[in-house]
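Reading the structure
Below are the chains, spelled out letter by letter.
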Amino acid sequence: MSLVPVSLELTRHAQATPHAPAVLAPGGLRLTFAELEARVEASAHALRELGLTRGERTALFVPPGVDFVALFHALLRLGALPVLIDPGMGRA
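Everything in this summary refers to the structure shown in the same document.

Rules of the game
- Residues numbered from 1 in each chain as written.
- Predicted model: local features only at pLDDT ≥ 70, side-chain atom pairs only at ≥ 80, totals over all residues.
- Heavy atoms only, no water.
- Phe/Tyr/Trp six-rings, centres within 6.5 Å; stacked < 30°, edge-to-face > 60°.
- Helix = DSSP H or I, 4+ residues; strand = E, 2+ residues; numbered from the N terminus.
- Buried < 20%, exposed > 50% of the residue type's maximum accessible area, 1.4 Å probe, protein only.
- Salt bridge = Lys/Arg side-chain N within 4 Å of Asp/Glu carboxyl O.
- Core = buried A, V, L, I, M, F, W, Y, C linked by side-chain atoms within 4.5 Å.

Attention now goes to the packing of aromatic side chains. Taken as a whole and judged by the stated rule, the model has 1 aromatic pair. For the pair Phe68 and Phe72, a centre-to-centre distance of 6.2 Å together with 10° between the ring planes defines the contact as stacked. Note that Phe68 and Phe72 are positioned in helix H3 (residues 66–78) at a spacing of 4 residues, about one turn of the helix. By relative accessible area, which is 22% here, Phe68 ends up partly exposed.

As structure tokens, then:
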């Protein structure tokens, strides 16, 4: 099973409806599909440059919000396997 098509669906939405809202976050922060796609691409590029490869397990330790959504899709786009960790759980 491949996780890549989920992220490519985001690309399709960004092309079809670039100005439609994609993320509505607390505090009134909104991202359009085009803005989210740009963040995902930039994040995927940076992670690839750091050496992340397809199939690697990754811990995503980011609070819920825009950054979480962008990084999650970037990991899927690279074919990495995200393990979601809620930072609000505490270390114990």
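Still more ground to cover, so stick around.
As a further point, take the pattern of salt bridges. Counted under the stated rule, the structure contains 4 salt bridges. The closest approach of N and O atoms between Glu9 and Arg12, which form a salt bridge, is 2.5 Å. Linking Glu9 with Arg12, this pair stays in helix H1 (residues 4–16), spanning 3 residues, or about one helical turn. Using a relative accessible area of 34% as the deciding quantity, one classes Glu9 as partly exposed. By relative accessible area, which is 43% here, Arg12 ends up partly exposed. A salt bridge links Arg77 to Glu37; its shortest N-O distance comes to 3.0 Å. Taken together, the residues Arg77 in helix H3 and Glu37 in helix H2 (residues 33–49) connect sequence positions 40 residues apart. The residues Arg77 and Glu37 share a single accessibility class, namely buried. Members of the salt-bridge network, linked through shared partners, are Glu37, Glu41 and Arg77.

What follows concerns the nonpolar core. Membership of the largest hydrophobic core comes to 18 residues, with the highest contact counts inside it found for Leu36 and Val40. For this core, the secondary structure elements donating two or more residues are H1, H2 and H3.

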